[in-house]
Number of protein chains: 2
Amino acid sequence: MDASENIEEAIEVLQQLGLKEYEARCFVGLTRLETGTAKKLSELTEVPRTRVYDAIRVLEAQGLVEIQHSSPQRFRAVSLDEATETLRDQYEDRVERLHDALETVEIVDEDDEEPIQQVWAMSGQDGIENRTEDLIETTTDEIVLVIGDESLLTDDLVDTLQEVENGIDLLLGAVNESLEEELRAAVPNATTFISGLEWLHGENAEADETAIGRLLLVDRSTILVSSIVPDTKVEQAIFGEGFGNGLVVIARRLMAQGLISPHDPIS
Amino acid sequence: MDASENIEEAIEVLQQLGLKEYEARCFVGLTRLETGTAKKLSELTEVPRTRVYDAIRVLEAQGLVEIQHSSPQRFRAVSLDEATETLRDQYEDRVERLHDALETVEIVDEDDEEPIQQVWAMSGQDGIENRTEDLIETTTDEIVLVIGDESLLTDDLVDTLQEVENGIDLLLGAVNESLEEELRAAVPNATTFISGLEWLHGENAEADETAIGRLLLVDRSTILVSSIVPDTKVEQAIFGEGFGNGLVVIARRLMAQGLISPHDPIS
DNA sequence: CACTTTTTCACTCGATTAATCACAACACCT
DNA sequence: AGGTGTTGTGATTAATCGAGTGAAAAAGTG
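As recorded in an unreviewed UniProt entry, chain A goes by the name TrmB family transcriptional regulator, listed as coming from Halobellus rarus.

Let's shift gears to unusual backbone geometry. All names here are of chain B. Within the chain, Glu46 stands out as a residue other than glycine whose phi angle is a positive 70°. Not every positive phi belongs to a glycine, and Asp219 is a case in point at roughly 50°. If you trace the backbone, Asp219 turns up in the loop between strand E7 (211-218) and strand E8 (222-228).

Quick look at the interface of chain A and chain B now. In this complex, chain A contributes 75 residues to the contact, which on the side of chain B involves 75 residues. Here chain A and chain B share an interface that buries about 6900 Å² over both sides, 53% of which is from carbon and sulfur atoms. Applying the counting rule to chain A against chain B returns 10 salt bridges. Among the ionic pairs, A:Arg131 bridges to B:Glu82, the shortest N-O distance being 2.8 Å. Our count for the chain A to chain B interface comes out at 28 residue pairs in polar contact (both at pLDDT 80 or more). Among the elements that take part in the side of chain A that touches chain B, helix H5 (residues 80-103) of chain A stands out by supplying 20 residues, more than any other. In terms of residue class, the side of chain A that touches chain B is made up of 30 nonpolar, 19 polar and 26 charged.

Turning to the protein's contact with DNA strand C, a few remarks are in order. If you check the shell around DNA strand C, you find 16 residues, and the closest are A:Tyr53, A:Gln73, B:Lys20, B:Glu21 and B:Tyr22. By atom count, sugar and phosphate contribute 66% of the portion of DNA strand C lying within 4 Å of the protein. Note that a phosphate oxygen of DNA strand C is positioned 2.7 Å from one of the side-chain N or O atoms of A:Tyr53. Within the side chain of B:Arg51, one N or O atom sits 3.4 Å away from a base oxygen of DNA strand C.

Right, let's talk about the pattern of salt bridges for a bit. Counted according to the given criterion, the structure contains 26 salt bridges over all chains. Between A:Arg97 and B:Glu9 there is a salt bridge, with its nearest N and O atoms 3.1 Å apart. Here the residue A:Arg97 occupies a position in helix H5, and B:Glu9 occupies one in helix H1 (residues 3-16), the pair thus bridging two chains. Assessed through its relative accessible area of 29%, A:Arg97 is described here as partly exposed.

In this structure, A:Phe27, A:Ile56, A:Phe75, B:Phe27, B:Ile56 and B:Phe75 are the most contacted members of the largest nonpolar core, which totals 123 residues. When near neighbours in sequence (up to four residues on either side) are disregarded, B:Phe27 contacts A:Leu102, B:Leu14, B:Leu59, B:Leu64, B:Val65, B:Ala77 and B:Ala83. Residues B:Leu171, B:Leu217, B:Leu247 and B:Met255 belong to the second largest nonpolar core, which totals 12 residues.

Let us look at the packing of H5(A) against helix H5 (residues 80-103) of chain B. Two elements in contact, H5(A) and H5(B), have axes separated by 10 Å at closest approach and are oriented at 170°. By the angle class used here, H5(A) and H5(B) are roughly antiparallel. Each residue belonging to the contact of H5(A) with H5(B) can be placed in one class, and the counts come to 12 nonpolar, five polar and nine charged.

Quick look at the UniProt feature "domain: Transcription regulator TrmB N-terminal" (unreviewed entry) in chain A now. UniProt annotation of "domain: Transcription regulator TrmB N-terminal" (unreviewed entry) refers to residues 14-80 of chain A when read in the numbering used here. Within the segment residues 14-80 of chain A, helix and strand shares are 54% and 12% respectively, and the terminal C-alpha atoms sit 13 Å apart.

Let's shift gears to the side chain of A:Glu129. Residue and element names in this part refer to chain A. Within the secondary structure layout, Glu129 lies in helix H6 (residues 125-137). One buried charged residue, Glu129, remains without a salt bridge, the closest side chain of opposite sign being Arg214 at 4.6 Å. Residues within four places of Glu129 in sequence aside, it is in contact with Thr154, Asp156, Leu157 and Arg214.

Below, the discussion takes up the packing of aromatic side chains. Enumeration according to the criterion identifies three aromatic pairs over all chains in this entry. On the basis of an interplanar angle of 75° and a centroid distance of 6.4 Å, the ring pair of A:Tyr53 and A:Phe75 is categorised as edge-to-face. One end of the pair, A:Tyr53, is in helix H4 (residues 49-61); the other, A:Phe75, is in strand E2 (residues 74-77), with 22 residues separating them in the sequence. Judged by its relative accessible area of 33%, A:Tyr53 falls in the partly exposed class. Judged by relative accessible area, which is 1%, A:Phe75 ranks as buried. Just above the ring of B:Phe239 sits the side chain of B:Arg131; from NZ or CZ to the centre is 4.6 Å.

Next up on the list: the environment of A:Ala211. Residues and elements named next belong to chain A. Looking at where Ala211 falls in the secondary structure, it is placed in strand E7 (residues 211-218). The partly exposed category is assigned to Ala211, whose relative accessible area is 25%. Residues Ala211 and Ala10, spaced 201 residues apart in sequence, show a C-alpha to C-alpha distance of 32 Å.

Cut-off values and rules
- Residues numbered from 1 in each chain as written.
- Chains lettered and ligands numbered in written order.
- Predicted model: local features only at pLDDT ≥ 70, side-chain atom pairs only at ≥ 80, totals over all residues.
- Heavy atoms only, no water.
- Helix = DSSP H or I, 4+ residues; strand = E, 2+ residues; numbered from the N terminus.
- Contact = heavy atoms within 4.5 Å.
- Buried area = accessible area lost by both parts, 1.4 Å probe.
- Salt bridge = Lys/Arg side-chain N within 4 Å of Asp/Glu carboxyl O.
- Polar contact = N/O pair within 3.5 Å; in protein donor to acceptor, adjacent residues only side chain to side chain.
- Nonpolar A, V, L, I, M, F, W, Y, C, P; charged D, E, K, R; others polar.
- Near = heavy atom within 4 Å.
- Buried < 20%, exposed > 50% of the residue type's maximum accessible area, 1.4 Å probe, protein only.
- Core = buried A, V, L, I, M, F, W, Y, C linked by side-chain atoms within 4.5 Å.
- Axes fitted to C-alpha atoms, helices over the stretch in contact; angles between N-to-C directions.
- Parallel < 35°, antiparallel > 145°, perpendicular 65-115°, else oblique.
- UniProt positions renumbered as here; feature names shortened; annotations may be inferred.
- Lys, Arg positive; Asp, Glu negative; His and termini not counted.
- Phe/Tyr/Trp six-rings, centres within 6.5 Å; stacked < 30°, edge-to-face > 60°.
- Lys NZ or Arg CZ within 6 Å of the ring centre and 35° of its normal.

Shown next as structure tokens:
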């Protein structure tokens, strides 16, 4: 049965959410038990009986578990919806506190440096997607976006694209027809095309099969290119700003040659 | 200046959100620096210079920081909005995974026990509030809610109260006039009153000044009573279900004597 | 009052994290 | 080129924290 997989998954996730192993095990144990004593819980979860109490106390303080002060004590988990809601509240609260604390701070005066040719790297699907959406939202003239893997076309991204103002040129490229299809359907106000992005798989196709992720060129002055590393599926991106930026220049050159757009060159 | 307090706060919160100390310090450092090298960061944040690199790497992998691969390397934080959004996404994803994993599991068959006189305890404002709202939403006939501290009257709670169906009696008590005022304004479809809840401060007023938090009686069969411990401000609650439950019986008795409601007794 | 079960608490061991150090690679200067 | 300070990596030590164990107090049971 894959129930035990789910149990393990739940325990892992709870730990990522900040619980200790015993706490996670106990909570999951309780969700399967309706109501339980330390003994039953210990048997079910492999947590040493003598430590169940500590774990439960912590869980209770977080509002995830109720305690019946009888003897023996009975424990039970709050409903799944209540639990997730509580966790959400907790996290939302933290993120907000972080936001408040940082927005008032900012900026130590700076002996500035050369603002030239900056190319930045970032990784992680979430962060790159947020940056992508950010850039799209601040565009004034033109967006060129090529999607190289359908896993990157999230609902959020589609939403962002649909809300692009009418005055802005929106060019959406895909690496194959089915994806183009999808794009056209999802974002009717865009011009779609099949990208000539063989330059990654094509002539440069050496050993490592680096898959292209996305390519975003905004107002011909800011570019973001990402790739997906074959093994780990991690998305990595580089990001350049400024009309004179080397990366951006290269991107314009590519466009001029019709490689990433169906349009005529504008050198 | 309280800027440094905010900085400490931010570092703490980031750790609660799962970052290590060095990672948190580096991130906060970068939000104050526009762009920084390992050396500058180390000076600003007290993180050993040689450890800055590791910290930045994990931040980068989380999408919180960008790296410029020059020499020396330059780092910069993504915008505050991007960062919080990324953190939110991350968390939301986890909570969802938890939900999915647990909803398919549930329930180990049980040699049932006596379902009598159960009184449960829980603590933590978040959890108690969620339970309160849950109970309000599932009411069929009557809600009696007494609020003992204005800090408990959150927007969420007000929303929940406003959405109570018309057929349901909604009685809202407060411990003083200003709070009653507030309640009446926020929830017009309710009957409000000043509660006679001296039984906590009054005759029982021993040494410890236990402040009453909230008292909720739903359909005369489920009750939740909370108090706020003086020092730590932590809210603690007890919770009983079932018409025959001891706690519930006591609550009905109190009502019958007009102590927690302006209405006539229904024994 | 013996005798079990439940509960708390203090302690060991191992793993993770913070902190320091040694060294190789590199940029910069004359 | 060669010297000099800076930059990045890896190894090493020290401190901290959590998992696991056992002793003993407290509560129940016959």
